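# Structure assessment
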Protein chains: 2
Amino acid sequence: MLKNSDAASAAPALADVEAAAKRISGQAQRTPLLHYPELDQRLGTRAFIKPECLQVTGSFKFRGAYNKIKSALEAGKVPGVVAFSSGNHAQGVAAAASLLGVPSIIVMPEDAPRIKIANTKALGGEVRLYDRYKEDREAIARAIARDKGYVVVPPYDDPAIIAGQGTIGLEIAEDCARLGVSPDVVLAPCSGGGLISGIATAIKARHPDARVYACEPARFDDTTRSLAAGKRLENSGSETSICDALLSKSPGEITFPINQRLLSGGLTATDEEALAAVAFAARRLKLVVEPGGAIALAAALQGRAPKAAKCMVIVCSGGNIDDEMLQKALQN
Amino acid sequence: MLKNSDAASAAPALADVEAAAKRISGQAQRTPLLHYPELDQRLGTRAFIKPECLQVTGSFKFRGAYNKIKSALEAGKVPGVVAFSSGNHAQGVAAAASLLGVPSIIVMPEDAPRIKIANTKALGGEVRLYDRYKEDREAIARAIARDKGYVVVPPYDDPAIIAGQGTIGLEIAEDCARLGVSPDVVLAPCSGGGLISGIATAIKARHPDARVYACEPARFDDTTRSLAAGKRLENSGSETSICDALLSKSPGEITFPINQRLLSGGLTATDEEALAAVAFAARRLKLVVEPGGAIALAAALQGRAPKAAKCMVIVCSGGNIDDEMLQKALQN
């Protein structure tokens with residue numbers, strides 16, 4: 001557990017996000033800011049989509065992972081990196097490590113989807129399986145780090161990870177400037193809070209009046225409730241959701257104080273609404289988005305976002321969806 | 001029928017494409033040039049995707065239509081525009097006309113998919129249905145143009161249409177310059193030839209050594225065969241294909257001489273290969289692409305493109321696919 005002062009000092013500044021942007025340049029996809037007249041009509045405001053499903057490995061996670069590992073290399077020798085994840089973070093770390101010539105071990109539950117294990121291996125990661133009911137994945141990762149001198153790449157609670165995800169906010173601000181628009185409402189999915197805290201760091205520095213909202217699945221709305229309560233609250237732990245990328249138990253120690261300072265609140269959407277947003281993205285936006293990646297779009301389509309006076313930006317954070325789930329979305 | 005000299009003088013120059021880029025700026029989507037490490041591996045070269053499925057109305061057609069109507073407005077009064085199409089061109093013209101405040105009549109076959117008729121109406125087009133077995137759609141359009149003083153917006157055989165589609169080539173050249181790469185193989189889908197002739201006009205002006213290829217469905221390979229024969233040949237007319245956007249009977253009168261001058265040849269792919277490319281695009285590129293829009297990607301995935309020494313650019317031209325067809329692609 002960090003002390004409050006440690007957590008506050010760990011918050012990246014705009015300069016850290018700008019440094020991250022330099023590090024990932026040429027390796028990460030510079031995703032566009034997409035405009036669809038039909039989405040404007042539907043939302044009753046000028047709206048833009050930031051499609052991180054088009055990012056390398058199919059989600060924003062590559063940005064933070066690459067920034068973390070590259071920063072570690074700049075600071076000294078890195079014999080290898082270790083991470084724990086059953087999904088998008090695993091692939092982001094494996095790909096970033098391979099590109100930087102660093103070995104990676106990814107600790108994954110033995111009942112993770114075969115396709116995600118296979119993808120992680122294909123990207124160059126060594127997969128260490130564990131029993132999620134009997135073993136502690138963080139303890140396994142820490143043991144590997146200690147024994148091999150590997151650097152841990154955490155999923156969200158780390159300044160370099162947050163700064164890496166924050167490059168999305170920087171790109172949004174740059175593209176808005178180019179288009180001559182000023183974002184006043186920004187929505188992004190939220191699990192542990194690394195993505196939204198990074199985005200808010202960049203957006204609020206460039207557009208102090210913009211309101212930034214964390215979007216979460218109903219019943220996994222720990223950040224929404226924690227922001228309202230003024231302290232970190234946990235989810236029940238007994239719920240399930242198709243938004244498999246957004247199942248963190250509570251806000252992060254480092255991310256939460258940032259989000260308390262910078263966010264205007266949280267929004268939620270149900271699994272059914274997320275699935276409808278997946279279908280809308282495929283049919284109308286021509287983008288393949290996974291349920292968790294579509295949660296901010298879902299909240300917007302349900303009319304839950306505050307009215308944007310100038311323009312609204314919606315981050316679609318990932319597109320790693322099984323064929324069956326995409327087909328299910330298209331059947332409704 | 002145009003004389004050869006007329007066809008040659010109708011060919012747009014780079015300056016016409018640059019003027020088109022100015023006209024569509026801020027209205028058309030500035031689509032990105034996407035890079036996927038996995039696609040590089042699969043194709044054995046550095047490869048980029050130009051995703052025109054993300055264009056306004058879901059296909060590249062908006063570019064040419066907007067440039068044509070805006071050019072006509074700059075030249076004088078335009079009481080309205082008329083076009084004939086059962087698909088992407090219909091939607092592109094309706095949307096461009098609405099944005100420019102001009103009435104549009106779209107002549108569509110009465111057995112066109114309901115969704116395409118509905119979309120065209122939703123975009124502000126007045127739909128005039130005709131019987132495709134008994135009536136001549138071009139005669140109907142010409143009669144409307146004559147009676148109402150409307151401007152005809154042809155699907156491909158028109159200098160302003162070709163220049164508008166050529167803005168894709170201009171953007172490819174710009175983005176390649178920004179990335180420090182030089183495209184040496186460029187693939188794009190081809191039906192009447194408006195898209196590929198426009199792209200080649202821009203690409204060959206900026207990169208004279210680049211080889212540009214028209215990609216067509218097997219049995220609708222009129223441009224491929226015509227280029228080889230040195231004269232315009234027709235398709236049999238008795239065939240069918242799921243690539244509903246690529247069913248023109250023969251190369252255009254204006255487009256063909258341009259393509260003869262600028263293209264290195266044609267490539268083909270079967271319907272099954274197009275469907276496999278649709279699945280690849282959804283699963284790996286996170287893009288929804290229609291079968292015809294994926295025909296260049298299909299040819300590349302089948303290894304039919306010549307080896308690119310530096311980098312290959314593949315245009316995915318549209319994403320207006322029915323739910324059922326996308327689901328079918330994902331079942332294989």
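Residues numbered from 1 in each chain as written. Chains lettered and ligands numbered in written order. Predicted model: local features only at pLDDT ≥ 70, side-chain atom pairs only at ≥ 80, totals over all residues. Heavy atoms only, no water.

## Comments concerning the packing of helix H4 (residues 61-75) of chain A against helix H8 (residues 159-179) of chain A
Residue and element names in this part refer to chain A. The contact between H4 and H8 brings their axes to 7 Å, and the two run at 130 degrees. Between H4 and H8, the crossing angle belongs to the class labelled oblique. Pair H4 / H8 crosses with right-handed handedness. When H4 is examined against H8, the residues Lys61, Arg63, Gly64, Ala65, Asn67, Lys68 and Ser71 are found in contact with a partner set consisting of Ala160, Ile161, Ala163, Gly164, Gln165, Thr167, Ile168 and Glu171. In the contact of H4 with H8, the residues fall into five nonpolar, six polar and four charged. (Axes fitted to C-alpha atoms, helices over the stretch in contact; angles between N-to-C directions. Helix = DSSP H or I, 4+ residues; strand = E, 2+ residues; numbered from the N terminus. Parallel < 35°, antiparallel > 145°, perpendicular 65-115°, else oblique. Left-handed = near helix turned anticlockwise from the far one by under 90°. Contact = heavy atoms within 4.5 Å. Nonpolar A, V, L, I, M, F, W, Y, C, P; charged D, E, K, R; others polar.)

## Observations regarding the interface of chain A and chain B
Contacts between chain A and chain B engage 26 residues on the former and 26 residues on the latter. Of the roughly 2,300 Å² buried at the junction of chain A and chain B (both faces included), carbon and sulfur atoms supply 54%. Inspection of the chain A/chain B interface yields two salt bridges. The salt bridge involving B:Asp323 is made with A:Arg283; its shortest N-O contact spans 2.7 Å. At the boundary of chain A with chain B, the tally comes to eleven residue pairs in polar contact (both at pLDDT 80 or more). Broken down by secondary-structure element, the contributors of at least two residues to the side of chain A that touches chain B are strand E1 (34-35), helix H12 (271-285) and helix H14 (323-330) of chain A. The class makeup of the residues in the side of chain A that touches chain B is 14 nonpolar, eight polar and four charged. (Buried area = accessible area lost by both parts, 1.4 Å probe. Salt bridge = Lys/Arg side-chain N within 4 Å of Asp/Glu carboxyl O. Polar contact = N/O pair within 3.5 Å; in protein donor to acceptor, adjacent residues only side chain to side chain.)

## Points about the sheet that holds strand E5 (residues 126-130) of chain B
All names here are of chain B. One open sheet holds the four strands; their spatial order is E5-E4-E3-E6, and the pairing between them is parallel. On the outer flanks of this sheet lie E5 and strand E6 (151-152), each paired with one strand and no other. Sheet analysis places strand E3 (residues 81-84) next to E6, joined by two bridges and oriented parallel. Bridging from a neighbouring strand, valine 82 pairs with valine 152 of E6. Relative to the sheet, helix H6 (residues 114-122) contacts strand E4 (104-109) and E5, its axis offset from that of E4 by approximately 175 degrees. (Pairing = 2+ DSSP bridges.)

## Structural notes on the nonpolar core
If you look at the biggest cluster of nonpolar residues, it comprises 91 residues, and the most contacted ones within it are A:Leu187, A:Leu287, A:Leu297, B:Leu187, B:Leu287 and B:Leu297. The contact partners of B:Leu297, leaving out residues within four places of it in the chain, are B:Leu39, B:Ile49, B:Ala277, B:Phe280, B:Ala281, B:Leu285, B:Ile314 and B:Cys316. The next biggest cluster of nonpolar side chains, apart from the first, holds 30 residues, and it includes B:Phe48, B:Ile168, B:Ile172 and B:Val181. (Core = buried A, V, L, I, M, F, W, Y, C linked by side-chain atoms within 4.5 Å. Buried < 20%, exposed > 50% of the residue type's maximum accessible area, 1.4 Å probe, protein only.)

## A short note on the side chain of A:Ser71
Residue and element names in this part refer to chain A. Following the sequence through the fold, serine 71 ends up in helix H4. At 2.6 Å, the side chain of serine 71 forms a polar contact with the backbone oxygen of asparagine 67. Among all residues touching serine 71, those that are not within four sequence positions of it are Arg23 and Ala160.

## Describing the domain arrangement of chain A
How big an interface is tends to be expressed through the accessible area that disappears when the partners come together. All names here are of chain A. Along its sequence, chain A is organised into domain 1 (4-60 + 158-331) and domain 2 (61-152). The gap between the C-alpha centroids of domain 1 and domain 2 is 23 Å. Taken together, the contact pairs 28 residues of domain 1 with 19 residues of domain 2. Of the roughly 1,900 Å² buried between domain 1 and domain 2, counting both surfaces, carbon and sulfur atoms make up 52%. Among the residues domain 1 hides against domain 2, the three largest losses belong to Arg23, Gln27 and Thr57. Together they make up 33% of the total. Our enumeration of links across domain 1 and domain 2 arrives at five salt bridges. Inspection of the region where domain 1 meets domain 2 yields 16 residue pairs in polar contact (both at pLDDT 80 or more). Among the elements of the structure, helix H2 (14-24) and H8 are those that each provide at least two residues to the side of domain 1 that touches domain 2. Looking at the side of domain 1 that touches domain 2 element by element, the count peaks at eight residues for H8. Its residues assigned to classes, the side of domain 1 that touches domain 2 shows ten nonpolar, ten polar and eight charged. (Domains from an automatic or database assignment.)

## Here's the deal with the state of the cysteines
Residues and elements named next belong to chain B. This structure, assessed with the given rule, holds zero disulfides over all chains. The thiol sulfur of cysteine 176 is not disulfide-bonded, and the nearest other cysteine sulfur, from cysteine 311, lies at 4.6 Å. Under the relative-accessibility criterion, cysteine 311 is labelled buried at 0%. (Disulfide = S-S within 2.5 Å.)

## With respect to unusual backbone geometry
The phi torsion at A:Lys286 lies on the positive side, around 60 degrees, for a residue other than glycine. Structurally, the position occupied by A:Lys286 is in the loop between H12 and helix H13 (295-301). If you check the backbone angles, B:Arg219 has positive phi at about 75 degrees while not being a glycine. Among the structural elements, B:Arg219 can be located in the loop between strand E8 (211-217) and helix H10 (222-229).

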